[in-house]
Amino acid sequence: MFNGTEVNVESITAHDKGSRQTITFGGLSGYTIYTPSAGYNFYPWQGHLKPEAITPEELKENEDNMDAQGPLIDYKEKGHTIEYVGMDDFEGTDCYKIKLTEKSGKIITYYIDPSNYFIIHSVTITKANGQENESKTDYSNYQKLPEGIWLPMNIGGGNTVKIKKVEINVPVDDSVFKPSTN
Amino acid sequence: MRKIFLTLLVGSFATQIFSQVKINSSTFGKMEARWLGPGTMSGRITAIDGVAGDGKTIYVGTAGGGIWKSTNGGASFKPLFDKYCMSIGAIAIDPKNPKIVYAGTGESNMRNTVSIGNGMYRSTDAGENWVKIGLDSTEHISKIVIDPKNSNTVYVAAPGPLWSDGTQRGLFKSTDGGQTWKKILYINEKAGCADVAIDPSNPDVIYASTWEFRRLPYSFNSGGNGSGMYKSLDGGKTWKELTNGLPKKPFGRIAFTLAPSAPNNLVAIVESNETGLFISSDGGETWKQQSATANIVARPFYFSTIAIDPKDPKRVYRPAFTFSYSNDGGYSFADANNDGGWLHSDMHAFWINPNNTNQLYVGTDGGVYYSLDRGATWIFVQSLPVGQFYHVRTDNAEPYNVYGGLQDNGSWTGPSSSPGGIGNNAWKAIYGGDGFWVQPDPTDPNVAYAESQGGEAGRVNVLTTKTVNIKPQEVGTQDKLRWNWNSPIVTGAKNKKNLYMGAQYLYRSTDQGRNWQRISPDLTTNDKKKQQQENSGGLSADNTSAENHCTIFSIAESPLDENLVWIGTDDGNLQCTTDGGKTWMNVSKNYSAAGIPSQTWVSSIEPSSFDKKTVYATFDNHMYGDHRTYVARSTDLGKTWKLFKSSEFTGFAHKIKEDLKNKDLLFLGTERGLFATVDGGENWFRMKNHIPDYVMVRDITIQPATNDLIVATHGRGIMIVDDITPMRSLTKNIVDQDVYLFDNKPMVVTAGKLGGGGFPTTGGWIAPNAPSIPPVQYYLKERVSIGDVNLEIYDPSGKLVRSIPGTIRKGINKLTWDFRMKPPKVASGGTKVDFGAFVAPMVLPGDYTVKLKVGDKEYTKTLKLVNDPKDKDFTLQDRQLQHKTSMELYHLHERLAATVDSISLKQKMLRENIAKVKDSASKKLLQDYLTKLEDLRSTLLATKQKSIFADEKKLREEITDVYAAVAGQEAPPSNLQLQRVTQLQEKFTKAEETRTTLSKQFNPKVDVALAKEGLPSKDEGKPAKAF
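Residues numbered from 1 in each chain as written. Chains lettered and ligands numbered in written order. Predicted model: local features only at pLDDT ≥ 70, side-chain atom pairs only at ≥ 80, totals over all residues. Heavy atoms only, no water.

**Some points on the overall build of chain B**
Keep this limit in mind: Runs of H or I in DSSP of at least four residues are treated as helices and runs of E of at least two as strands, each being numbered from the N terminus. Each accessible area is a Shrake-Rupley result for a 1.4 Å probe, and residues are judged covered by the shown protein chains and nothing else. In this tally Asp and Glu are treated as negative and Lys and Arg as positive; neither His nor the chain ends contributes. Charged side chains are reduced to one point each, which is NZ for Lys, CZ for Arg, CG for Asp and CD for Glu.
Secondary structure assignment for chain B yields 8 helices and 66 strands. In terms of its C-alpha atoms, chain B occupies a principal-axis envelope of roughly 115 × 75 × 65 Å. For chain B, the accessible area works out to roughly 38900 Å², and carbon and sulfur atoms hold 51% of it. For chain B, the distance from the average site of its 120 positive side-chain charges to the average site of its 108 negative ones is 4 Å.

Below, the structure written as C-alpha cells:
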C-alpha cells in the first residue's frame, strides 16, 4: 500500500534456478529477476527504458533469492553459519536473536518469538556497490498452508505486503526469468 | 512463493495462559519517543576510533549518549549502545580484525557532572552486539590499547572512582581478548591509571601514567604522590618510574603519546606545580621541558588528549581548550583557524586516519568535527544528537516550543514540530555559557529566563535574543551570595507571575526579574568547611563555580497555593514555607528517618497538583560514592516520608514528575534510566519506548495541551513521548483483555497542521514531527502473529471507505487514518506512472464507524469527524464543494480507466488473432482496427514518453493535474478549476463516442472475418496487462 494505493506483487521462485518479482502500480509494471548467471531490474517508474543488468557483486549477494527453502534450512550444507546472540526486544516482545552469515557475506539477524517460534522480524545487512545497507522486515499473519508449512502472509518493511495466494510445487516456465519489456 | 521462513515454523505451539498482565513499557507499545536532538550543538564527545582500512567507518563515544557509528565518514550515524551504559570513556578497534571493538564505559574527564561507567564491553561484529567483559567497578576508563601484533593482548587504563577511594583502579591487562583481566600497575586507593601507550615496534614496551585525584561535593583535587610516569620493558610485569628531566613531584594528570613512526620519541603534558610540556627522544629515559602556550598546558584534568601523526614524528597535535598543532615535534604550536566555521572549545577525543593523515576527527564539548588539512580548518558533523540538557520546559504555542540549557552549549529553544521535520536550523540559541534552566514566561510569549553557570541569569527577548541581566545582587551586610553551578530559576506553578531564583537565600520577583524580594533566611547548612572553593583544583587552580556549595538547588511552588513553596539544597536541606516565605520549616531530619542519607543533594521537588500536603522529592548522594536511587513521597507536608523501592531502579535520582491528570501516574528520571509507575509508586517499570535503557534523565515535564511527556536527557538531547493519555486510562480491566479498541474523541478533518517544508533539508539531524492527526488506538495483550489485523472505516451510510493494515505489536498500537478514501483506479498502461492513482479525496465530516478486525473477531467504535470551526478560510461549504469536485474527477478517472481497459482488451484480442488469420484482407482489417484503437488510446494516456524528463500529457494526465490540485489541498476549487472539470468531462465523452463509433464500424466485420477462420472473437477475461 502506498497512500492507500495498492501495489501488486507477484513472486515466483524456482529453487536454485531463478526468482522473479513482478511489481505493478500506478498503471506500470516492473520486475526484478535473479538467476544463477544473471539478474535484471526493470523499474519504468524510475525511468528505466529497458531492463538493467544487476552487477555480479549484487547477484552474488542476493543468490539466496533463488533459495526457495530459505537459508535456514540445511544452512550448513549451503555454506552459511549461524550464531545465537542472546535475547533482544522487538516491539515489546523479548525474542531469540539468531545471526545468520550467508556464504555470500550477507548477514541476516532473525528475531524469533519464544512463545511460538515464529520469526517476527529480521535485519539484513547487504553490500551493494561497496556500501553496506541495512534493511528491516517484519513478518506476521502466519498461516498454515495445506502442505503443512507455516508462512507469514504479511511482510512489512515500511509498507506491508499482504500475500493473497501461495502455490507450491507448480511448474514454472523458465521464460519468466528472461528479461523483457512487454 | 518465498520462502525463508519455513524452518522454524513447524511444531506445536505452547498454549499460553495469561492470568495477570504485568504493566511495563511493552504495555504502551507504539507510544514511542521522538528524538528531537538537535544535532546543531551536539554534545560532549569522549572517544573516537576509526577503521584504518577504509577511513570511513568511525565509532564515536559520548559523555552521555552511548556509542554512535558512521560508515560514511560522518555523513550519518546510528546509535549502537542503547541497551548499555551511556557514558563512554574509551573505544578501541582491533587493528587486525576491525569487526572486534572494545568499549570502556565511564568517561574520564573528571568534571563535576561526569557520569559513571560499569566496565568493559566487547563486540565481535562491528558493534551490532556487545558482551560485558568485566572491570565492572572501575567507574571510569580513560584508554584501551590493543597489542598491534597480538590481538588477544589488551591494556585498559582505569583512573577508577572519582567520588570514593578504592582498589578498583590501575592498569589492567588481558591476554585472552578480554575474558580475564590482571591488574599490572597499581599505586594506591586514591590513584588510578590515566594513560597508556604501547611501542608498536616492540609491544613489550609499555608506558603508563598514574593519577591521584578526588572530588568532594564542594571541591576537586588533581595531584598527589600517587601520580607518576612509568615504563615497562616486559609487557607490564615490572615497571620503573620515569623522572629524569621531569619536574619535582607531586604530579597531577599526565597526558602523553609516542610517535608511532619513531617510538622512542614521546611528548607529555605533566601537571605539577609548574605544569609543562616535556619531550623525550630516548624512550622516556630523559625529558626536556619545552616552552608552551597556555592552551597546551591548560586544565590537564579535563584536556588529556595529545597525539602524533602516525607517519610524521614531527607533527604533534594538542586538542585542548582550542586545537593546536606543531610541525616541529612540539617546539612550537599554531592554532586552528576558523575558516571552516568555529571549532567548539574543550576537546577530549581525537583520531587520525593512519592511511590518510590529512584526515582528522576531533571530539569536543560540542560534538565531532573533521579536518581534511591536518587540523588547520574544521567541518562540523551535524548529525549527532547527543546534547547534554540539564532542564527542559515548554511554552503554550501551537506547536509548542521546548526550552533548555546544555553542558557547555548555552540555552536553546526549538519547536516540537516544524514543516518538513525538526531540523537543526529550527533551533535557536538564546543565551551563552553553559546552559541550565530556561523558563519561558507563561504570561509573555516573547520572554524566557535563562542563565549560565553560577546564577548569571538574564531575561531574554526570544525573538531578538537581546537580554537583560536579572541576577539578584548581594546588598548590605549579607554574606557573599552562593550560586550553584546549576542554579534554579523557576516560575510559579500557581501564580504564573512569580519568578524564583535561589542562592543560599530564596528570591522572588513578580515583575519579570526587574525587582527582587528576598523571602528567606539562609536555607542551607552554611557549613563554612564546604565553602573554600578558592582552593579547589589541586595542583592547577580550578574555580569555575562548579564546586560552589551550600546553595539552593531546587525550587517548587505548589500548583495549588502560591504561598506554599519548597526548596532543596545541595547540602541536604529540604524546607518549605506555607506563608509565602515569612516562615520556613526544615524537614531534612524527617526524610533521613525514611532511610535517605542526610547531606544528599535534593535534586528535585514536586508538590502535588492534587493535594496540598503531598510532595515528592528525589535525592542524589552519588557525590559521597553512593549510587542508590532515592525517591520519596510525603503526604503530610514533609513530616513523614515513604521511600519508593523497586528492583528496576538504577542510577542516582534527578527528577520526579507527577502527571497532571492522574495522581497515580509518576515518572522518575535517574542517571541510568527513565521509570514510570501507574499505581502511585507501588510498582515501577523502566520506560524503553524508543528510549535507551540507561539514558541519563535530568528533567521531565508534561505539556498540558498535548499531554506530551518531554524528557531532558544528559547526552541524547530532548526526547518527546507524544500524548501519554493511554498511560492515564489503561485500567486493569483493559490490560487483561486480549484486544481493546479505545474510544475516539471527535477529530477535526484535516490534512495536517504543517506543510512539507518546500524543499528537503541538506543534512544534519532531523526529528520527526508529532502526528498532526490523532491516531486510532488499540491495545493487544500479545503480539498477533496468527491472523490478520485490519482497521476498516465506514462512512455515515455504512459504506466502507478505507481499509488500513493494522499494526500487531504487543501493547498500545496507533494507526493514523488520513481522512481520505481509497484512491481511484486510474487507466493502466502507457509509459509513465500516473500520480492520480496516489491521491484520494478527503471525506466529509459526519459520524463514522471504525471496525478493528483481529483474526476473526471484530471490535467497533464510533468516530465523529468535525469541520475545523476555527478555520475561516475553509468552511464546511468550501469543504463540501471541494469534495463534490474531487469526486467528479475521481469518477472521471474511473470511467476513463474502464474505457482504456476495454480498448486494451480489444487490442489484445486483435494482436493475438492478427498472427493467426490467414486471409490477407482479414489481417488488414484487424490491423486497421488495432491502429485506430491505438490512435484513440494514445489520446487518453501517455504512450510515447521515453524519459521521466520528457513530460507527455494526455487525457489521464490532464485529469490528474486538476484532480490532484483540488483533492490534494484544503481549499475550495477555483473558478478555472471548476471550468476545467467540465471541459475534461466533455473531452472524455467525445473519446467514448469515438470508441463506440469504432466498435460499430469494426466489430461486426471482425467477428465475421474471425468466424470464417474458426477463431473466437471475444475479448472478455481478465484485463489485459501492460507487460
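**Here we look at the overall build of chain A**
Using the following cut-off: The classification of residues rests on relative accessible area computed with a 1.4 Å probe and restricted to protein chains. Under 20% of the type maximum is buried, over 50% is exposed, and intermediate values are partly exposed. Residues count as neighbours in contact if any of their non-hydrogen atoms are within 4.5 Å of one another.
Scanning chain A from terminus to terminus reveals 1 helix and 12 strands. Each helix and strand of chain A, placed in order from N terminus to C terminus, yields the pattern β-β-β-β-β-α-β-β-β-β-β-β-β. With respect to the three principal axes, the spread of C-alpha positions in chain A is 45 × 35 × 35 Å. For chain A, with 182 residues in total, the buried portion stands at 46%. Considering only contacts in chain A between residues 6 or more positions apart, those separated by 24 or more positions represent 26%.

**Focus: the pattern of salt bridges**
Heads up, the rule is: What counts as a salt bridge is simple: a side-chain nitrogen of Lys or Arg found within 4 Å of a carboxyl oxygen of Asp or Glu.
Following the criterion strictly, the structure yields 59 salt bridges over all chains and no others. With a shortest N-O distance of 2.3 Å, Arg 214 of chain B and Asp 165 of chain B are connected by a salt bridge. Taken together, the residues Arg 214 of chain B in strand β15 (residues 206–216) and Asp 165 of chain B in the loop between β11 (154–158) and β12 (170–174) connect sequence positions 49 residues apart. Residue Arg 214 of chain B is classed as buried on the basis of its relative accessible area, which comes to 15%. Its relative accessible area of 35% is what places Asp 165 of chain B among the partly exposed residues. One network of salt bridges, with partners in common, ties together Glu 134 and Lys 136 of chain A together with Lys 78 and Glu 128 of chain B.

**A short note on unusual backbone geometry**
Where the residue is not glycine, phi is negative for most of them; where a peptide bond is considered, it is trans in most cases. In this structure, Pro 38 of chain B follows Gly 37 of chain B across a cis peptide bond, with omega equal to 0°. Structurally, the position occupied by Pro 38 of chain B is in the loop between β1 (33–37) and β2 (45–50). Note the cis peptide between Glu 398 of chain B and Pro 399 of chain B, where omega equals -10°. Relative to the helices and strands, Pro 399 of chain B is located in the loop between β31 (389–394) and β32 (401–406). Positive phi outside glycine occurs at Tyr 117 of chain A, with the angle close to 65°. Locating Tyr 117 of chain A in the fold gives a position in the loop between β8 (107–112) and β9 (119–128). For Tyr 117 of chain A, a relative accessible area of 41% corresponds to the partly exposed category. The phi torsion at Ser 42 of chain B lies on the positive side, around 50°, for a residue other than glycine. On the secondary structure map, Ser 42 of chain B appears in the loop between β1 and β2.

**A short note on the confidence of the model for chain B**
Residues and elements named next belong to chain B. The cut-off we apply is this: Confidence of the prediction at every residue is given by pLDDT, a number between 0 and 100.
Chain-level pLDDT for chain B is 94 on average; 97% of the residues reach the 70-or-more range. Confidence drops under pLDDT 50 across residues 1–19; counting only partners more than four residues distant or on other chains, this segment forms 56 contacts. The low-confidence segment residues 1020–1027 (pLDDT under 50) makes 12 contacts with residues lying over four places distant or belonging to another chain.

**What about empty space enclosed by the protein?**
It is a probe the size of a water molecule, rolled over the atoms, that shows where empty space is left. Residues and elements named next belong to chain B. Put simply, the rule is: Here a cavity means grid points, on a 1 Å grid over the protein atoms only, where a 1.4 Å probe fits yet cannot get out; a pocket means an open set of points with protein on both sides within 12 Å along at least five of seven lines; lining residues are those with an atom within 4 Å of a point. Grid points are joined across faces, edges and corners, and a volume is the space filled by probe spheres set on the points. The nonpolar class holds Ala, Val, Leu, Ile, Met, Phe, Trp, Tyr, Cys and Pro. Asp, Glu, Lys and Arg form the charged class, and all remaining residues, Gly among them, are polar.
For the structure on display, the rule yields 1 cavity of 30 Å³ or more. The calculated volume of the largest cavity comes to roughly 270 Å³. Along the walls of the largest cavity sit 20 residues, with Thr 113, Asn 486, Phe 553, Trp 601 and Arg 698 positioned nearest its centre. Mapped by element, the contributors of at least two residues to the lining of the largest cavity are β31 and β48 (601–607). Residue composition of the lining of the largest cavity, by class: 9 nonpolar, 8 polar and 3 charged.

**Things to note about the domain arrangement of chain B**
Stated precisely, the cut-off is as follows: Domain ranges listed in this record stem from an automatic or a database domain assignment.
When the domains of chain B are assigned, the result is domain 1 (143–380), domain 2 (389–533 + 545–729), domain 3 (741–753 + 767–866) and domain 4 (877–1012). Inter-centroid distance (C-alpha atoms) of domain 2 of chain B to domain 4 of chain B is 67 Å.

**Notes on the sheet that holds strand β28 (residues 360–364) of chain B**
Residue and element names in this part refer to chain B. Definition in use: Pairing between two strands is assigned when DSSP locates at least 2 bridges connecting them.
Here we have 4 strands laid out as an open sheet, ordered β27-β28-β29-β30, and antiparallel in their pairing. This sheet does not close on itself; its edge strands, each paired only once, are β27 (347–352) and β30 (379–380). Both β27 and β28 contribute to a ladder of 5 bridges, which runs antiparallel. Bridged to Ile 352 within β28 is Leu 360.

**Details of the sheet that holds strand β33 (residues 410–415) of chain B**
Residues and elements named next belong to chain B. Quick reminder of the rule: Lines fitted to C-alpha atoms define the axes, with helix axes restricted to the stretch in contact, and inter-axis angles between N-to-C directions lie between 0 and 180 degrees.
Spatial strand order, β31-β32-β33-β34: 4 strands in an open sheet with antiparallel pairing. Of all strands in the sheet, those bounded by a partner on one side alone are β31 and β34 (428–431). Going across the sheet, the axis of each strand differs from the next one's by a mean of 25°, ignoring polarity. The pairing of β31 with β32 spans 5 bridges and is antiparallel. Bridge pairing links His 391 to Gly 405 in β32.

**A short note on the nonpolar core**
Residues and elements named next belong to chain B. Our working definition: We define a nonpolar core as any set of buried Ala, Val, Leu, Ile, Met, Phe, Trp, Tyr and Cys residues linked to one another through side-chain atoms lying within 4.5 Å.
Ranked by internal contacts, the top residues of the largest apolar core, which has 65 residues, are Trp 817, Phe 819, Leu 865, Leu 940 and Val 1006. Here the element with the most residues in this core is helix α5 (residues 876–914); it accounts for 11 residues. Inspection of this core shows a minimum of three residues originating in each of domain 3 (741–753 + 767–866) and domain 4 (877–1012). For Trp 817, the residues in contact, after removing those within four places along its chain, are Ile 773, Ile 793, Val 801, Arg 802, Ile 804, Val 843, Tyr 848, Leu 863 and Leu 865.

**Here's the deal with the environment of Trp 35 of chain B**
All names here are of chain B. Among the secondary structure elements, Trp 35 is positioned in strand β1. Taking relative accessible area as the criterion, Trp 35 reaches 10% and is therefore assigned buried. Distance in space between the C-alpha atoms of Trp 35 and Trp 765 is 9.5 Å, their sequence separation being 730 residues. Apart from residues lying up to four places away in sequence, Trp 35 is in contact with Trp 68, Pro 79, Asp 82, His 690, Pro 692, Arg 716, Ile 718, Met 719, Trp 765 and Ala 767.

**Comments concerning the packing of aromatic side chains**
All names here are of chain B. Using the following cut-off: Classification of ring pairs uses Phe, Tyr and Trp, with its six-membered ring standing for Trp, and accepts pairs whose centres are within 6.5 Å; under 30 degrees between planes counts as stacked, over 60 as edge-to-face, and the remaining range as tilted.
The tally for this structure, following the rule as stated, stands at 37 aromatic pairs over all chains. Judged by centre distance (5.4 Å) and plane angle (45°), the ring pair of Tyr 302 and Phe 303 falls under tilted. In terms of burial, Tyr 302 and Phe 303 fall into one category: buried. For the ring pair Phe 649 and Phe 675, a centre distance of 5.5 Å and an interplane angle of 80° mean the geometry is edge-to-face. Placement of the pair is Phe 649 in the loop between β51 (642–643) and β52 (653–658) and Phe 675 in strand β54 (residues 673–677), with a sequence separation of 26 residues.

**As for the pairing of strand β40 (residues 499–502) of chain B**
Residue and element names in this part refer to chain B. Side chains of β40 alternate between two faces, with Leu 499 and Met 501 and Tyr 500 and Gly 502 buried alike. For strand β39 (residues 489–491) and β40, the ladder comprises 3 bridges, and the chain directions are antiparallel. Bridge pairing in β40 places Val 490 opposite Tyr 500. In this structure, β40 lies alongside strand β41 (residues 506–509), joined through 4 bridges in antiparallel fashion.

**Some words on the packing of α5 of chain B against helix α7 (residues 955–968) of chain B**
Residue and element names in this part refer to chain B. So the rule is basically this: Angle categories are assigned with fixed cut-offs, so that under 35 degrees is roughly parallel, over 145 is roughly antiparallel, 65 to 115 is roughly perpendicular, and the rest are oblique. In this scheme, a crossing is called left-handed if the near helix is turned counterclockwise away from the far one by less than a right angle; it is called right-handed if the turn is clockwise.
Running from N to C, α5 and α7 point in directions that differ by 155°, and their axes come no closer than 9 Å. Comparing their axes, α7 and α5 come out roughly antiparallel. The chirality of how α5 crosses α7 is left-handed. When α5 is examined against α7, the residues Gln 882, Thr 885, Ser 886, Leu 889, Tyr 890, Leu 892, His 893 and Leu 896 are found in contact with a partner set consisting of Leu 955, Arg 956, Ile 959, Thr 960, Val 962, Tyr 963, Val 966 and Ala 967. The residue inventory of the contact of α5 with α7, partitioned by class, reads 10 nonpolar, 5 polar and 1 charged.

**Structural notes on the environment of Leu 865 of chain B**
All names here are of chain B. Of note, Leu 865 is situated in strand β66 (residues 857–866). The spacing of Leu 865 and Val 749 is 116 residues in sequence and 6.1 Å in space, taken between C-alpha atoms. Contact partners of Leu 865, with chain neighbours within four places excluded, come to Met 747, Val 749, Trp 817, Phe 819, Val 843, Leu 844, Pro 845, Gly 846 and Tyr 848.

**Quick look at the side chain of Ser 545 of chain B**
All names here are of chain B. With respect to the helices and strands, the residue Ser 545 is situated in the loop between β43 (537–538) and β44 (552–557). Classification of Ser 545 as buried rests on a relative accessible area of 11%. With near-sequence residues (within four places) excluded, Ser 545 lies in contact with Gln 453, Gly 454 and Trp 485.

**Considering helix α8 (residues 975–1012) of chain B**
Residues and elements named next belong to chain B. Selection rule: How far a helix is expected to stretch is found by multiplying one less than its residue total by 1.5 Å. What we call the bend at a residue is the angle made by axes fitted to the seven residues finishing there and the seven residues starting there.
The end-to-end C-alpha separation of α8 is 56 Å, in line with the 56 Å expected for 38 residues at 1.5 Å each. A bend of about 35° at Phe 1002 is the largest found in α8, and the proline Pro 1004 appears one to four places after it. Following α8 by one or two positions, Gly 1014 has its phi on the positive side, about 70°.

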